Amino acid sequence: MTPSTPSKIKPKKKKSVNSKNETKLYQDLLHLLQIPRRYEAIQPVIDQFRLEHNLSANGLARLEKRVFSEGLIKLKLRWKGSHKTIVDLYSSLQSNGANPLEVAVAFHPRSYLCYQTALFWNDLTEQIPHTFYIAQERPSTPSKTQTPERFDDFELRDAFVKMPKEHPNIATLGEYRYIFLARAHTGNAGVESRKILFKQKYVPVLITGLERTLLDCISVPENAGGISNVIEAIKRGAEKIDLDSLFNLYNKLGFKYPHWQRVGLLLERVGPLNLARRWRTFFGTPKNKFFLTKGYKVGWDFDETWSIYFPPGLFK
């Protein structure tokens, strides 16, 4: 018998968009575009929508034209004192309807949340964030052996008697602030991928984990809302700290200044003593007199064990 010739599978016919279903498709696409996006991130969503709905080129063209002409809104971000090129974000929602956390993660695809923002989602504070610290690492440079810089006590005092500088890149949207930071390349050490619930919606984010958040805030307490917030974070998180992970992460971050002395002082004053003792064995004896925060003033208290100055009355 002659084998039968298999019938050819006909490709699905592209669907045209008529007046009856155009409104439904338009509303479905606008729903997908509620999430704030950079301009260049909008087209991939539309392309995927076309594939899923098997739309004809003409049908998609009409839909696309309508979306860009009347469906999308540029979010009304206000920028403070920046002359740099600013990233615009678009959404099918009005600015006051956009989820602030989705706005924070939309600016740069490889950025992550850190400092005071990360304190809340690591259960290190009860203060719900209204300021989002958004960090993006600089490109990597040729690998070199990094060793901490050596300072004398006068150099350190001159550096830490100064008050912190104001951040140059800040945007506001309603009651929320967005602070943008360029950070040294570490391969996003200590950064985790999570889904976070905020404003009744789960948002996928990159955010610093507990140990990285503590090290960041200890090294720059002004980005944590002040040294008092850091102390509260240590109290809340001390029992959850993995000290070996903290030490390994400290080395990966390659700090310029001896912030390990700050870590030791805080662990000793507000955390379990066994953590402070173990931390001391990693580093030995301090070689410099250091400072718990910037803005050093004559009359600060001094801790001999960790060789560090701190504001009087801070630990009560």
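Structure first, text after, so check above.
Since the model is a prediction, treat every value here as computed from it, not as a measurement. (Residues numbered from 1 in each chain as written. Predicted model: local features only at pLDDT ≥ 70, side-chain atom pairs only at ≥ 80, totals over all residues. Heavy atoms only, no water.)

Asker: Explain the sheet that holds strand S1 (residues 37–38) to me, and be specific about the residues and the numbers.
Answerer: The three strands are arranged S1-S4-S2 in an open sheet whose pairing can be described as antiparallel. In this open sheet, the two strands that pair with only one neighbour each are S1 and strand S2 (73–74). (Pairing = 2+ DSSP bridges. Helix = DSSP H or I, 4+ residues; strand = E, 2+ residues; numbered from the N terminus.)

Asker: Before we move on, could you go through the layout of surface pockets and cite the residues and values that matter?
Answerer: The rolling of a water-molecule-sized probe over the atoms marks out the regions of remaining empty space. The computed volume of the largest pocket comes to approximately 1,600 Å³. Every residue lining the largest pocket is counted, 47 residues in all, and those nearest its centre are Gly254, Phe255, Lys256, Tyr257 and His259. Put simply, the parts of the chain that give the lining of the largest pocket at least two residues each are helix H6 (153–160), strand S8 (176–183), helix H7 (210–219), helix H9 (243–253), helix H10 (260–270) and helix H11 (273–283). (1 Å grid on protein atoms, 1.4 Å probe; cavity = no way out; pocket = protein on both sides within 12 Å on 5 of 7 lines; lining within 4 Å. Points joined across faces, edges and corners; volume = space filled by probe spheres on them.)

Asker: I'd like a description of the sheet that holds strand S11 (residues 290–291), backed by residues and values.
Answerer: Here three strands make up an open sheet; going across it, the order is S11-S13-S12 and the pairing mixed. Two strands close off the open sheet at either side, each with one partner strand: S11 and strand S12 (301–303). Bridge count between S11 and strand S13 (residues 308–310): two bridges; the pairing is parallel. The residue of S13 that forms the bridge with Phe291 is Tyr309. Against the sheet, H10 contacts S11, S12 and S13, and its axis sits at roughly 60 degrees relative to S13. (Contact = heavy atoms within 4.5 Å. Axes fitted to C-alpha atoms, helices over the stretch in contact; angles between N-to-C directions.)

Asker: Hey, could you go over the packing of H7 against H9 for me, with residue numbers and the actual values?
Answerer: Between H7 and H9, whose axes approach to 10 Å, the crossing angle comes to 55 degrees. Considered as vectors, H7 and H9 are oriented oblique to each other. With respect to the hand of their crossing, H7 and H9 are arranged in right-handed fashion. Contacts between H7 and H9 involve Glu211, Arg212 and Leu215 on the former and, on the latter, Ser245, Leu246, Leu249, Tyr250 and Leu253. Of the residues in the contact of H7 with H9, the class split is five nonpolar, one polar and two charged. (Parallel < 35°, antiparallel > 145°, perpendicular 65-115°, else oblique. Left-handed = near helix turned anticlockwise from the far one by under 90°. Nonpolar A, V, L, I, M, F, W, Y, C, P; charged D, E, K, R; others polar.)

Asker: So what about the side chain of Thr131? Which residues, and what values?
Answerer: Within the secondary structure, Thr131 sits in strand S6 (residues 131–137). Reaching out from Thr131, the side chain makes a polar contact with the side chain of Arg177 at a distance of 3.4 Å. When neighbours within four sequence positions are excluded, Thr131 is seen to be in contact with Thr117, Arg177 and Ile179. (Polar contact = N/O pair within 3.5 Å; in protein donor to acceptor, adjacent residues only side chain to side chain.)

Asker: Any chance you could break down the nonpolar core for me, citing the residues and the numbers?
Answerer: In summary, soluble globular proteins display a tendency toward joint burial of nonpolar side chains. Ranked by size, the top nonpolar core spans 55 residues in total, and within it Leu215, Leu267, Trp279 and Leu292 carry the most contacts. Residues in contact with Leu215, not counting those within four places in the same chain, are Leu246, Leu249, Tyr250, Leu253, Phe255 and Val263. In terms of nonpolar packing, the next biggest core, distinct from the first, is built from 25 residues, Leu89, Leu101, Leu113 and Ala171 among them. (Core = buried A, V, L, I, M, F, W, Y, C linked by side-chain atoms within 4.5 Å. Buried < 20%, exposed > 50% of the residue type's maximum accessible area, 1.4 Å probe, protein only.)

Asker: Explain unusual backbone geometry to me, using residue names and the numbers behind them.
Answerer: For Asn54, which is not a glycine, the phi torsion comes out positive at approximately 50 degrees. Note that Asn54 resides in the loop between helix H2 (42–53) and helix H3 (57–71). One non-glycine residue, Gln200, lies in positive phi territory at about 60 degrees.

Asker: So what about the packing of H7 against helix H8 (residues 227–237)? Which residues, and what values?
Answerer: Helix-helix packing is characterised by the crossing angle of the two axes and by the distance between the axes. Look at H7 against H8: their axes get within 10 Å of each other, and the N-to-C directions meet at 155 degrees. When the axis of H7 is compared with that of H8, the two are roughly antiparallel. Seen from above, H7 lies across H8 with left-handed handedness. Every residue of H8 that contacts H7 at Leu210, Leu214, Cys217 and Ile218 is listed here: Val230, Ala233, Ile234 and Gly237. Residues that form the contact of H7 with H8 fall into these classes: seven nonpolar, one polar and no charged.

Asker: Help me get a handle on the pairing of strand S7 (residues 170–173), residues and values and all.
Answerer: Bridge analysis of strand S3 (residues 78–80) against S7 gives three bridges, and the strand direction is antiparallel. Paired with Trp79 across the strands is Ala171, a residue of S7. Relative to S8, S7 runs antiparallel, the two sharing four bridges. Bridge pairing in S8 links Ala171 to Tyr178.

Asker: Tell me about the packing of aromatic side chains, and name the residues and values.
Answerer: Taken as a whole and assessed by the stated rule, the structure comprises 33 aromatic pairs. Ring centres of Phe291 and Tyr309 lie 5.4 Å apart, and the angle between their planes is 15 degrees; on these two criteria the pair is classed as stacked. With Phe291 in strand S11 and Tyr309 in strand S13, this pair connects stretches of sequence that are 18 residues apart. For the pair formed by Phe291 and Tyr309, the shared burial category is buried. Taken together, the aromatic side chains of Trp79, Phe107, Phe120, Trp121, Phe132, Tyr176, Tyr178, Phe180 and Phe198 make up a single cluster linked through ring pairs. In this structure, Lys199 is placed above the aromatic ring of Phe198, and the distance from its NZ or CZ to the ring centre is 5.9 Å. (Phe/Tyr/Trp six-rings, centres within 6.5 Å; stacked < 30°, edge-to-face > 60°. Lys NZ or Arg CZ within 6 Å of the ring centre and 35° of its normal.)

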